[in-house]
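Residue-level structural notes
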2 protein chains.
Amino acid sequence: MIDYNPNDTIVALATPVGIGAIGVIRLSGKDAISIANTSFSKDILGVKSHTLHFGKISDEEKNIIDEVLISVFIAPKSYTKENVVEISCHGSNYIIQQLLALYIRQGARLAQPGEFTQRAFLNGQLDLSQAEAVADLIASNSKQAHAIAMQQMRGGFSNEIKELRQQLIDFASLIELELDFSEEDVEFANREELRKLVQQIQSVIQGLIQSFQLGNAIKNGVNTVIAGRPNAGKSTLLNALLNENRAIVSDIAGTTRDTIEELLNIQGIEFRLIDTAGIREAQDQIEAIGVEKTMEKIAQSAILLYVFDVVETPPEEVAKDLQNLADENSKILLIANKMDLNPYAEYKHYEAALSIVNCQLSIQNFIPVSAINNMNVEYLKERLYKTVISEDITSNTIVSNSRHVEALHKSHESLDAVLHGMDSGVSSDFIAMDIRQALYHLGTIVGQVSTDDLLANIFSNFCIGK
Amino acid sequence: MIDYNPNDTIVALATPVGIGAIGVIRLSGKDAISIANTSFSKDILGVKSHTLHFGKISDEEKNIIDEVLISVFIAPKSYTKENVVEISCHGSNYIIQQLLALYIRQGARLAQPGEFTQRAFLNGQLDLSQAEAVADLIASNSKQAHAIAMQQMRGGFSNEIKELRQQLIDFASLIELELDFSEEDVEFANREELRKLVQQIQSVIQGLIQSFQLGNAIKNGVNTVIAGRPNAGKSTLLNALLNENRAIVSDIAGTTRDTIEELLNIQGIEFRLIDTAGIREAQDQIEAIGVEKTMEKIAQSAILLYVFDVVETPPEEVAKDLQNLADENSKILLIANKMDLNPYAEYKHYEAALSIVNCQLSIQNFIPVSAINNMNVEYLKERLYKTVISEDITSNTIVSNSRHVEALHKSHESLDAVLHGMDSGVSSDFIAMDIRQALYHLGTIVGQVSTDDLLANIFSNFCIGK
C-alpha cells in the first residue's frame, strides 16, 4: 500500500513506452504546477485550469530538453482531484527519461503503478470497482472486453452490487429488530419471505459468478497448448491457424525447439497458442529441456490441442500419450492431422482405446484436419471458441475480475449459512452475523470496505502513469 | 508526395502503439474542431484556443466509446498552423481504433506518416532540415543523438547551410557581374581570392561530411555480426557482452539456429549484436538455412566479430575462415576465445597465416578473451567503440542524415568543378553554372529547393501521427 500523502507530488509517463510522435508525462499533487513551472520557459503559476501552454523545458544547466505543450488542471477539477500537469513532449525515450529525472530532482517522486487512480479513488472520484475498470478499459482489446469495462467504469456493476447490499441491509434490519425484542419472542420478518429473498439474492450472485467464465476468457484470453509427437505437424497447424509462416517447419522431426507463442483472436476471444517441441524420448540435452518446457506449458494451459499423425500413430499410442499429457485443468481437443493421407481415420477407431485409459472425449472434440492443406481449420477454430463459450450468456453484467468473483463466492457462502441457520432454528443474532458477513464481502467489491493490503494489491496491477 | 489540400482534415494516433494509461489522437485541418464536436458530449465550436475539455465520445448509436480530454488549438496557433484537436483517451488499442474509425466516418482521413510535420513545413512553421530533425528527435535514444537532433530542429544546422549559401551567392553575384560586362573583359573578382573562398567553403563542407561517420553511428547504430565455427563460443560471447543469459548455450556444437539480435549501448553508440549459427559443412537442411543467413548478415554488417577457439582452431584455419567470411564493407575484430585454456595464443602466431590470405589486421584488432569467465570483455567493448569512433570529432555541427551528406557531397563536387574551371580558364558563364549547381544542392538541405518526390521520400520515413 502506498501511503497517501497529498503533499507528495507524483510523476510518471502516461503513454506507452516506445517510439511515437508524442509522449505525455503526468504530474499530480500539491506542487505539480510549481514543479512544472521551474523548468518551463513560460510562467504557468497564475494560469486558469484547463489551459494549454507551448514552451521550452530546460535543465539546470540551461540545456533545452524539449519544446512541449503543458496542460494545467487545478484541484479539484482533475482526474485525481489534485493539481495536475500534463506535459506533451516529443515521443523519444531519451527525452522522457530526462524530463522524469528533472521533475524528480525538483521534488516530485516517481508514481507507483496505479497511484493516480488510487488517488482518484481515495479522493472520492471513483469507487473501487470503477477504479479497477479503468485498468480493464485500458487493457481491453475487443468489443466485448471494452463493453464490460466501460459498463463497470461508468458504475453499472457497482450499482448492481449496491442494490444487492441494500436488499440485504433491509433484511438485516428486520432481523436486528427481532434481536432488540428477543425477550418477547416475536418474528417481525416472515421466515418464508426471508428465505425467498435470500435465495433471490443468491441467484443473482450465482448469475454473476457464472458470467465470470466468459468474462475471464474475454479479459485474459485462453492459454492453448499445441502438443504431440515430433513431426505430427504441430508447427504446420500453428501456421494454418494464424494463416502465416510463423514457425519454421521441415519434415525433420524435432525442428521446433524453443516454444513459440502467438495470439489468435476468434470472435473477440484471444487464444494464446503455444507451439511446443515434440514429445519423445529426448535425443539430446537440448531436446530434453524442450520436452520439460512442454509439460510445464500444458500444466498452465486451459486447452490442450493434442495433435497426432493419423498415418503414423495408432489409437493405442494416442491413448497412451493422452494418459501422460492430460492435465485435469485442461480441456482436450484431439486433432487428427494429415487426414489427406488417411481419410478413413474416424472417431470410433479411437473411442475404445481412449475409454481404456479413462479419457472422456466426445466426438465433438475429435477434429480431423489436414493442416498443410488448410482443411477443416475453420471448424477447429469454431470448436476452440465453443470450448470456452459453452452457452450463450446474455446477462447484462459480466464479471471479469477474479477478486470480484471471489467476493461473490464468499458472499454466497455466507448466505448459505443464513439459510442453514434459519432451517436449524439458530438464534437471530447468529443469522444477523452471517448477513453482516455477506454484506462485508459485497462491500469489498466497491470499496465500501477495504484494507490497505487490498488496495496495494489492486493498484499495483495498474500500469504506471494511471 | 501527399498533395496538400487544406480542406482535408487528417487524423492519426500520435502516441506509441501499446498499452499505456493514455493515448492521444490528433486531428488537423479546416474541419478538425467541427468533426471532433459531432461525437462529443460538450460543445467545443466556440471555445478559445489552447483550452481543455472533459467529456464523453459516443458513436452514431449513442454507445459511449470513452471518457476523454479534448485539447483545442485554433489556426494558426498550432503545430501545423491549421485547426488542431487532440483527444486524450484511455490507452486501449480497441478504443483508439474505434475513435479513429469514428472520425474517418465523420469526414477526416487517416494521415500519412509525417503528414502533420509536412503541413508544418508547407505552412512555414519549420524548414526542411528542421522538419527532418523532428523525426530524429523522436528516434533519439542517447544524449548525443538528442543533442544533434535538438540543435538541428532549433535551426543550428540550417543557419550554417544558409551562411554557406550566402557566401556562395555573394561570390556568384561577382561572377555574374562579370558576365554582364563580358564584352569588356574585366575581372571584378580577384581570381586568387575567389579560389580561397571556394576552398574555404569546401573545407567547411568537408568537415560536415566527415562528421557523418559519427553522426550516422550515433543515429542508426552499428550492425555487428558475431560469426565463427560451431562451438567457438559465439553465444557465450553475446551473453558476456550483454551481461545476461540471452542465448541458449550448451557444449553441443550447433545449439544456435535462428539468428539472435540484441542491442548493446557503448558510450552512447548502439551496437546491434547479431549472433549467428556456427559455420561448418551443414549437417542437415535446417543448419544449411542457418549458414546462409549468417553470410547474409555479414554482408549487411559494419563490423564482423570473428570468434574462434584458441585450442581447437590453428592459425591457418582461422586465416582460411577469414578469407571466406571477410566482406569488404565490414571491419574485422579477431576474437581469440577460450584464452583460459590456452594462454599462449598470441597475435604473432596468426600474423603470418593472415598475411598469406592477404588479410590486413593490426594487433589492436586481435582480442584474446575468455567469454565464459568474462575475461577481457570490457576491453573488447572499448575496441568496438574505437572501431567506430576513430578520432575525436569536436565539430559543433554533426551531420546525421544521409540525404544531407549526399547533398553536401554533390555541392562539394560542383565546387571542384568551379575550381577546375578557373584553373583551365573557362568562361565565366560556365563557372556561374557550377556555382548555381552547388547552391542548388545546399538549398535542397533546408528545402529552399525541393521537389515533390523529395518531400514524399522524407516524410514517409516519419512515424504516423507526427
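The rules we used
Every residue gets a number counted from 1 within its own chain, in the order that chain's sequence is written. Here every chain gets a letter starting at A, and every ligand a number starting at 1, in the order they are written. The predicted origin of the model limits local features to residues at a pLDDT of at least 70 and limits the giving and counting of side-chain atom pairs to 80 or more, whereas totals for whole chains, interfaces and linings rest on all residues. Values shown for side chains rest on all heavy atoms present in the structure; no hydrogens or waters enter the calculation. Helix and strand definitions follow DSSP, with helices as H or I runs of at least four residues and strands as E runs of at least two, each counted in order from the N terminus. Within these notes, the globule rule equals 2.2 Å times the number of residues to the 0.38 power, and the radius of gyration is based on C-alpha atoms. Residue exposure (1.4 Å probe, protein chains only): buried if accessible area is under 20% of the type maximum, exposed if over 50%, otherwise partly exposed. The contact definition used throughout considers only heavy atoms, calling two residues in contact when any of these lie within 4.5 Å. Here the Shrake-Rupley method, with its probe set to 1.4 Å, supplies the accessible areas, and only the displayed protein chains count as covering residues. Only four residue types enter the charge count: Lys and Arg as positive, Asp and Glu as negative, with His and the chain ends excluded. Charged side chains are reduced to one point each, which is NZ for Lys, CZ for Arg, CG for Asp and CD for Glu. Here a strand pair is declared whenever DSSP counts at least two bridges between the two strands. Working definition: a ring pair exists when centres of Phe, Tyr or Trp rings (six-membered ring for Trp) sit within 6.5 Å. Plane angles under 30 degrees give stacked, over 60 give edge-to-face, the rest tilted. Charge-over-ring placement is defined geometrically: NZ (Lys) or CZ (Arg) within 6 Å of the ring centre, and within 35 degrees of the ring normal. One speaks of a salt bridge when a side-chain nitrogen belonging to Lys or Arg is within 4 Å of a carboxyl oxygen belonging to Asp or Glu. Least-squares fitting of one copy onto the other uses the C-alpha atoms of those residues that reach a pLDDT of at least 70 in both copies. Accessible-area loss on putting two parts together, using a 1.4 Å probe and summing over both, is the definition of buried area adopted here. Think of a polar contact as two N or O atoms within 3.5 Å of one another; within protein, one of them needs to be a possible hydrogen donor and the other a possible acceptor, and neighboring residues in sequence only count if both atoms come from side chains. Asp, Glu, Lys and Arg are counted as charged, while Ala, Val, Leu, Ile, Met, Phe, Trp, Tyr, Cys and Pro are counted as nonpolar; the rest, among them Gly, fall into the polar class. To obtain the arc, one takes the directions from the helix axis to the C-beta atoms. Each axis is a line fitted through C-alpha atoms, and for a helix only the stretch in contact is used; angles between axes span 0 to 180 degrees, taken between their N-to-C directions. Reported orientations rely on four angle classes, namely roughly parallel under 35 degrees, roughly antiparallel over 145, roughly perpendicular from 65 to 115, and oblique for the rest.

On to the overall build of chain A. Secondary structure assignment for chain A yields 15 helices and 12 strands. Against the 2.2 N^0.38 benchmark of 23 Å for 466 residues, chain A shows a C-alpha radius of gyration of 29 Å, more extended than a compact globule. Expressed as lengths along the three principal axes of its C-alpha atoms, the size of chain A is roughly 85 × 80 × 35 Å. With 466 residues in all, chain A has 54% of them scored as buried. Look at the contacts in chain A between residues 6 or more apart in sequence, and 69% of them connect residues 24 or more apart. Accessible area of chain A: about 20,800 Å², with a carbon and sulfur share of 48%. On chain A, the mean spot of the 38 positive side-chain charges and the mean spot of the 61 negative ones are 8 Å from each other.

Right, let's get into the pairing of strand β8 (residues 260–266) of chain A. Residue and element names in this part refer to chain A. Note that β8 and strand β9 (residues 269–275) share 7 bridges and pair antiparallel. What sits directly across from I260, in β9, is D275. The turn joining β8 and β9, which pair antiparallel and follow one another in sequence, is formed by 2 residues; a positive phi near 50° is taken by Q267.

Another point: the packing of aromatic side chains. Under the counting rule described, the total for this entry stands at 10 aromatic pairs over all chains. Ring geometry for Y306 of chain B against F308 of chain B: centres 5.9 Å apart, planes inclined by 20°, an arrangement best described as stacked. A relative accessible area of 0% means that Y306 of chain B is categorised as buried. The class for F308 of chain B is buried, based on a relative accessible area of 1%. Taken together, the aromatic side chains of Y306, F308, Y347, Y350 and F366 of chain A make up a single cluster linked through ring pairs. Of note, R26 of chain A hangs over the ring of F116 of chain A, and the distance from its end group to the ring centre comes to 5.6 Å.

Residue and element names in this part refer to chain A. Per the counting criterion, the structure on display carries 40 salt bridges over all chains. Of the charged contacts, one joins K338 and D309 as a salt bridge, the two residues approaching to 3.0 Å between their closest N and O atoms. Within this pair, whereas K338 is found in the loop between β11 (331–337) and α11 (347–356), its partner D309 is found in strand β10 (residues 303–309), the two being separated by 29 residues in sequence. Both residues of the pair, K338 and D309, belong to the buried class.

By a simple turn and slide, chain A fits onto chain B: the slide is 0.0 Å along the axis, the RMSD is 0.1 Å, and the turn is 180°. Here the symmetry operator amounts to a two-fold rotation axis. Closest to the rotation axis within chain A is the C-alpha of T51 of chain A, separated from it by 2.2 Å. A shared interface surface links the copies, since 100% of the contact residues of chain A are contact residues in chain B too.

What follows concerns the interface of chain A and chain B. Buried accessible area, meaning the area lost when the parts come together, often serves as the stated size of an interface. Chain A puts 57 residues into the contact, and the matching count from chain B is 57 residues. Note on chain A versus chain B: buried area summed over both sides is about 4,600 Å², and carbon and sulfur give 66% of it. Of all residues in chain A, the largest losses of buried area upon contact with chain B belong to P16, L52 and Y94 of chain A, amounting jointly to 14% of the total for that side. Here E67 of chain A and R154 of chain B are joined by a salt bridge, their closest N and O atoms 2.6 Å apart. The interface formed by chain A and chain B contains 12 residue pairs in polar contact (both at pLDDT 80 or more). At the level of secondary structure, the elements contributing two or more residues to the side of chain A that touches chain B comprise β2 (22–28), β3 (51–58), β4 (64–73), β5 (84–90), α2 (93–105), α4 (128–139), α5 (143–153) and α9 (285–299) of chain A. Top element by residues in the side of chain A that touches chain B is β4 of chain A. It accounts for 8 residues. Split into classes, the residues belonging to the side of chain A that touches chain B amount to 26 nonpolar, 19 polar and 12 charged.

Right, let's get into unusual backbone geometry. Residues and elements named next belong to chain A. With an omega of 0°, the peptide bond running from A75 to P76 counts as cis. A positive phi is found at K81, a non-glycine position, where the angle reads about 65°. Relative to the helices and strands, K81 resides in the loop between β4 and β5. Residue K81 is classed as partly exposed on the basis of its relative accessible area of 32%.

All names here are of chain A. Residues of helix α10 (residues 315–325) that are buried: P315, V318, A319, D321, L322 and L325. Angularly, the buried residues of α10 cover 160° about the axis, an arc narrow enough to put them on a single face. Exposed and facing more than 90 degrees away from the buried side of α10 are E316 and N324.

Further remarks concern the sheet that holds strand β10 (residues 303–309) of chain B. Residue and element names in this part refer to chain B. In spatial order, the strands read β8-β9-β7-β10-β11-β12; together these 6 strands make up an open sheet with mixed pairing. Edge strands, defined here as strands with exactly one partner in the open sheet, are β8 (260–266) and β12 (366–368). The average angle at which neighbouring strand axes cross in this sheet is 25°, direction not considered. Bridge count for strand β7 (residues 222–228) against strand β9 (residues 269–275) is 5 bridges, and the pairing is parallel. Note that in β9 the partner of N223 across the bridge is R272. Each of β7, β8, β9, β10 and β11 (331–337) is contacted by helix α8 (residues 234–242), which is oriented at about 155° to β9, the strand it contacts most.

This next bit is on the packing of α4 of chain A against helix α14 (residues 428–446) of chain A. How two helices pack is summed up by the angle between their axes together with the distance between the axes. Residue and element names in this part refer to chain A. Contact geometry for α4 and α14: axes closest at 5 Å, N-to-C directions at 45°. Overall, the two elements α4 and α14 adopt an arrangement that is oblique. Residues L128, S129 and E132 of α4 lie in contact with α14, whose contacting residues are T444, I445 and V446. Here the contact of α4 with α14 is composed, by residue class, of 3 nonpolar, 2 polar and 1 charged.

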